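# Breakdown of the fold
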Amino acid sequence: MASIAKEWREIPGRYNLEGSKCPVCGKVYFPKRGICPECRRESLGKMEDYSVSREGEVYSFSIVHEAPAFTSKLKPYAVVMVRTTDGIMISGQLVDVNLEDVRIGMPVRAVLRRISDDGPSGVIHYGYKFVPN
Amino acid sequence: MRDVAIIGVGVTRFGEIWNKSFRAIGIEAGLKAIADAGLAGDEIDGLFIGNMSAGRFVNQQHIDALIADYSGMASNHVPAVRVEAGDASGGVAFRQAVMAVASGMHDTVLVGGAEKMTDLDDASVNSIVDATADAEWEAAMGLTFPSLHAMIARRIIHDGIATREEIASVSVNSHAHGALNPDAQFRKAITLDTVLKSGPVAEPLGMFDCAPISDGAAAVVLCPLEKAKEFTDSYVKVAAVAQASDTLALFQREDITTYGATVAAANRAYEAAGITAADIQVAEVHDNYTVGGILAVQDLGFAKRGEAGKTFLEGGYQVGAGKLAVNTSGGLKARGHPIGATGVAQIVEIAQQMRGAADKRQVANPRYGLAQSVGGTGSAVTVSILEAI
């Protein structure tokens, strides 16, 4: 589903949760942004790389039963919005979990997992998924 | 700026229209609207079309030229513009057309919305719909469009804003109205149990919480209010067209139990029309998922936070039940949701209500009606207010 370059250039975000920090107001964003939506022009060209905390808790979740081709083998599977310990929200899959046990407030951490691939002989794309912590 | 009127409306049946092509349904709605306005067609000097993804649904880009050509307007070299804003494509196209007439750049404009979704299998359609969320950081990570709305619903239930039953009752409301609409995809009333026991799509939402995959088109004709009488006695004033934006990704919001863009667009619309939410008697809201109906009623100011669901569950938004009727067309859930057409079809329904032409689903003597169109998870919202003349 994805070209090699399209995934390759997102590796810092996908592998290391690399986002941006505004040096003007200190606010942190994920994924990366070229400007801070609060400080706008003042932040232009000054945004710093910032790796978001890999730990947090579930803010909301859903169990997916109808899925696109690249995740259809996983269904049913859990997706979550996670509030990290540094206050950032990130969405992803929650794996290695009994689906009945998923709940709001559940402590989780981000791990590196296989996300998708470009077919049997294509490139495998990795990125973050969450597991219970 | 000039005041703008709607002088004609047209809509196709919504549903699985296998015997008609994208261009055929688009033209059908447009010609109905032109005929309804009593025009010959030569008066039209601008064309706006809301369409989300003909490029992926039917492998046709450049549909502005296609529709201009097959509606016979290319022979007059009428400028045509295609507008895309996810699920809000039709709503934004309507606003662009109103602005074109209000500004004086155009006089008589046809605004259409069309989508042909059933030429593809469901999985392909769903992946196109998923791309209206953040494709890189939501869809690519395995989040589906229904699952994003399911997470909103989960949080709304968790925070005590609405119960699962109240959320499900939005679908019951839409189906009850759809049963009264001959152009609706589903013309059958359902019970709460049907929604609650439907197969899971993205828990807690099931099949009957989700709008269907649909084909269909809708169109309206606009002209300056002062010229409307030259064409028809049955016209409607456009009292406001407002639009607002928000983050593309749902996870970047501080609060997912409200759509800030709906609140902003509604405030702008009420101010422009010089009215408040209490003046609205009929509203078409974006219930692509049932939870969207709860969010809409709350964020448009029709109910306080925590009270929208109760009124839905009691049947309080049915025609004739209270001061406000919601989704008299059947909403996206029962009338159907051919994405680009939806925002324009909402305008058609409200215009018909203002004209007193909504037949069995007519609201008694309405003066103001509202349409809310939502792109993504509240990333683009239009709120339009129509006034009966």
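### Quick word on the sheet that holds strand S3 (residues 48-51) of chain A
Residue and element names in this part refer to chain A.
- Overall, antiparallel pairing links the three strands, which are arranged S2-S1-S3 in an open sheet. Of all strands in the sheet, those bounded by a partner on one side alone are strand S2 (28-29) and S3.
- Here two bridges tie strand S1 (residues 18-21) to S2, and the two strands are oriented antiparallel to one another. Counterpart to Lys21 in the pairing with S2 is Val28.

### Examining helix H4 (residues 89-102) of chain B
Residues and elements named next belong to chain B.
- The first and last C-alpha atoms of H4 sit 20 Å apart over 14 residues, in line with the 20 Å expected at 1.5 Å per residue.
- Within H4, 11 of the 14 residues are buried, which leaves the element mostly enclosed by the surrounding structure.
- Just past H4, the residue Gly104 takes up positive phi, approximately 95°.

### As for the packing of helix H6 (residues 145-158) of chain B against helix H10 (residues 290-299) of chain B
Residues and elements named next belong to chain B.
- Interhelical geometry of H6 versus H10 gives an angle of 60° and a closest axis separation of 9 Å. Looking at the two axes, H6 sits oblique to H10. Like other packed secondary-structure pairs, H6 and H10 cross with a definite hand, here left-handed. Residues His149, Ile152, Ala153 and Ile156 of H6 form the contact with H10, whose own contacting residues are Val291, Gly292 and Ile294.
- For the contact of H6 with H10, the per-class residue count stands at five nonpolar, two polar and no charged.

### Quick look at the pairing of strand S8 (residues 124-132) of chain A
All names here are of chain A.
- Pairing geometry for strand S7 (residues 107-117) and S8, over nine bridges, is antiparallel. Looking at the pairing, Ala110 lines up with Phe130 of S8.
- As consecutive antiparallel partners, S7 and S8 are separated by six residues, and within that stretch Gly119 has a phi angle of approximately 90°, a positive value.

### Overview of the interface of chain B and chain A
- Chain B puts 26 residues into the contact, and the matching count from chain A is 24 residues.
- Of all elements in the fold, only helix H5 (122-130), H6 and strand S5 (200-203) of chain B reach the threshold of two or more residues within the side of chain B that touches chain A.
- Residue contributions to the side of chain B that touches chain A peak at seven residues, all from H6 of chain B.
- Tallied by class, residues from the side of chain B that touches chain A come to 13 nonpolar, seven polar and six charged.

### What about the sheet that holds strand S7 (residues 215-224) of chain B?
Residue and element names in this part refer to chain B.
- In space, the 10 strands of this open sheet follow the order S3-S2-S4-S7-S1-S8-S12-S11-S9-S10, with mixed pairing throughout. Each edge of the sheet is formed by a strand with only one pairing partner; in this case those strands are strand S3 (80-83) and strand S10 (325-326).
- Sheet analysis places strand S4 (residues 109-116) next to S7, joined by eight bridges and oriented antiparallel. The residue bridging Leu110 from the neighbouring strand is Val221, located in S7.
- Contacts between helix H9 (residues 260-273) and the sheet are confined to strand S8 (236-245), strand S11 (368-375) and strand S12 (380-388), with S8 contributing the most and set at about 150° to the helix.

### Here we look at the environment of Leu99 of chain A
Residue and element names in this part refer to chain A.
- Along the chain, Leu99 turns up in the loop between strand S6 (89-94) and S7.
- Given 12 C-beta atoms within a 10 Å radius, Leu99 is considered exposed.
- Remark: the alpha-carbon pair of Leu99 and Ala78, spanning 21 residues in sequence, is separated by 6.8 Å.
- Discounting residues that sit within four places of it in the chain, Leu99 has contacts with Ile63, Pro76 and Ala78.

Calculation criteria
Residues numbered from 1 in each chain as written. Chains lettered and ligands numbered in written order. Predicted model: local features only at pLDDT ≥ 70, side-chain atom pairs only at ≥ 80, totals over all residues. Pairing = 2+ DSSP bridges. Helix = DSSP H or I, 4+ residues; strand = E, 2+ residues; numbered from the N terminus. Expected span 1.5 Å × (residues − 1). Buried ≥ 20, exposed ≤ 12 C-beta atoms within 10 Å, placed from the backbone. Axes fitted to C-alpha atoms, helices over the stretch in contact; angles between N-to-C directions. Parallel < 35°, antiparallel > 145°, perpendicular 65-115°, else oblique. Left-handed = near helix turned anticlockwise from the far one by under 90°. Contact = placed C-beta atoms within 7 Å. Nonpolar A, V, L, I, M, F, W, Y, C, P; charged D, E, K, R; others polar.

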